[in-house]
Amino acid sequence: MRGRGPVLSAAAVTLLLAGCTNGQADEDATRESDTSAAGGSSASPSPSATTLNEPYTLAEADAPKTRTEATAFVRGLTVRPDYFGSGYRKRDPYEAGPFTWAVLGDDCLWRREAIPNTVLASLTRSFIRPGTGGEGAVYVSLTVTVHTSTREARRDMAMSLEEPLRCPQQRLNATDVVQDMTSRGDPFGEQRTGTSDDDLSEYGQYVVDGAGKARRFDWYKHRLGPVTVAATVRHPAGAKETEQTTVTEAALGGVDFVTADVDRIGKSEDGTDADASGEAKGSGDE
């Protein structure tokens with residue numbers, strides 16, 4: 001998710017400036033990449049922060065420069081249902097974008113709108129793990145957005161950090177409301193971040209009209225240079241805490257697969273890690 005936030009709080013500005021202080025040196029640094037992550041047969045977590053000397057990233061010089069290139073880039077990233085755990089399948093509708101994205105309006109309602117001039121492409125893919133044994137379904141979505149610059153991606157991250165402050169209750173659609181949202185941001189090297197330049201997380205509950213119990217809602221957003229990778233997780237009602245933790249960790253593993261792929265594509269583009277097969281990266285569909 002992301003949206004419009006006209007005023008940035010001190011926390012958001014801190015996140016924005018923290019990214020700026022990393023500078024181009026971080027973006028141009030050579031990083032160890034898990035080249036097997038994107039093609040793995042099961043969704044196991046990518047390398048943790050303790051095993052990475054540098055974050056996954058994408059140097060601005062190697063990022064797409066036009067909407068045509070950015071569209072090929074987001075469509076070329078592999079995002080498989082089993083990246084998020086077993087039992088997932090594509091949801092209908094499966095894709096949204098690449099020239100629209102979700103915007104949180106002043107009325108705290110999420111809508112899809114045309115991407116602005118600061119964005120080249122944004123593609124959302126949605127998945128579902130159907131409910132079994134009396135437990136409801138789990139819904140996961142993953143959005144990859146290519147911004148025109150690293151600065152604009154940082155600004156988008158900072159604005160996203162503002163959203164729970166501006167709208168502690170947000171309407172996702174005609175029936176679903178997210179409430180009691182809290183957010184945090186971590187530049188690389190602090191707390192959880194190990195597979196991106198910086199990341200955000202939000203936690204709260206969502207309520208479906210006519211349903212009694214609130215359900216857990218998680219949202220994560222990672223930035224790699226001018227590219228952001230965001231995921232949402234809607235848990236079923238009544239799920240045990242251990243099951244919720246398992247679902248969340250698996251979803252984060254899926255994000256790691258995609259961020260590893262973004263990092264690998266950047267290395268291939270600058271010639272430091274060319275694919276053995278010689279095929280162009282970011283040009284095919286999944």
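Coordinates for the structure precede this section.
Residues numbered from 1 in each chain as written. Predicted model: local features only at pLDDT ≥ 70, side-chain atom pairs only at ≥ 80, totals over all residues. Heavy atoms only, no water.

## A look at the overall build of the protein
Regarding its fold elements, the protein presents four helices and 10 strands. Looking at the 286 residues of the protein, the share that counts as buried comes to 51%. Total accessible area computed for the protein in this model is approximately 12,300 Å², and 50% of it derives from carbon and sulfur atoms. (Helix = DSSP H or I, 4+ residues; strand = E, 2+ residues; numbered from the N terminus. Buried < 20%, exposed > 50% of the residue type's maximum accessible area, 1.4 Å probe, protein only. Areas by Shrake-Rupley, 256 points an atom, 1.4 Å probe, with all protein chains shown as cover.)

## So, the environment of Val79
Among the secondary structure elements, Val79 is positioned in the loop between α2 (67–76) and β1 (89–96). As for Val79 and Val255, which are separated by 176 residues in sequence, their C-alpha atoms are 9.1 Å apart.

## Considering the packing of aromatic side chains
Here the structure, examined in full by the defined rule, presents six aromatic pairs. Ring centres 5.6 Å apart and planes at 75° place the aromatic pair Tyr94 and Phe127 in the edge-to-face group. With Tyr94 in strand β1 and Phe127 in strand β4 (residues 119–129), the pair connects residues that are 33 residues apart, well separated along the chain. Chaining the aromatic ring pairs together yields one cluster made of Phe84, Tyr88, Tyr94 and Phe127. Seen from the ring of Tyr139, Arg234 lies directly overhead, with NZ or CZ sitting 5.1 Å from the centre. (Phe/Tyr/Trp six-rings, centres within 6.5 Å; stacked < 30°, edge-to-face > 60°. Lys NZ or Arg CZ within 6 Å of the ring centre and 35° of its normal.)

## Some thoughts on the pattern of salt bridges
Going through the model one piece at a time under the given rule, you end up with 13 salt bridges. Between Arg111 and Asp107 there is a salt bridge, with the nearest N and O atoms lying 2.4 Å from each other. Classification of Asp107 as partly exposed rests on a relative accessible area of 46%. Note that Arg234 and Asp176 form a salt bridge whose closest N and O atoms lie 2.7 Å from each other. One end of the pair, Arg234, is in strand β10 (residues 227–234); the other, Asp176, is in strand β7 (residues 176–187), with 58 residues separating them in the sequence. For the pair shown, Arg234 and Asp176 are each scored as buried. (Salt bridge = Lys/Arg side-chain N within 4 Å of Asp/Glu carboxyl O.)

## Remarks on the environment of Glu69
Looking at where Glu69 falls in the secondary structure, it is placed in helix α2. Residue Glu69 is classed as partly exposed on the basis of its relative accessible area of 40%. Separated by 52 residues in the primary sequence, Glu69 and Ala121 have C-alpha atoms spaced 8.9 Å apart. A polar contact of 2.7 Å, which involves the side chain of Glu69, links it to the backbone nitrogen of Lys65. (Polar contact = N/O pair within 3.5 Å; in protein donor to acceptor, adjacent residues only side chain to side chain.)

## Remarks on the state of the cysteines
Among covalent bonds in proteins, the disulfide is the one between the sulfur atoms of two cysteines. Following the criterion strictly, the structure yields one disulfide and no others. For Cys108, the disulfide goes to Cys167, at an S-S distance of 2.0 Å. Its torsion about the S-S bond being -80°, the disulfide of Cys108 and Cys167 is classed as left-handed. In this pair, Cys108 sits in the loop between β2 (100–104) and β3 (110–114) while Cys167 sits in the loop between α3 (150–166) and β6 (170–171), placing the two residues 59 residues apart along the sequence. (Disulfide = S-S within 2.5 Å.)

In short, shape yes, function no, at least from these values alone.
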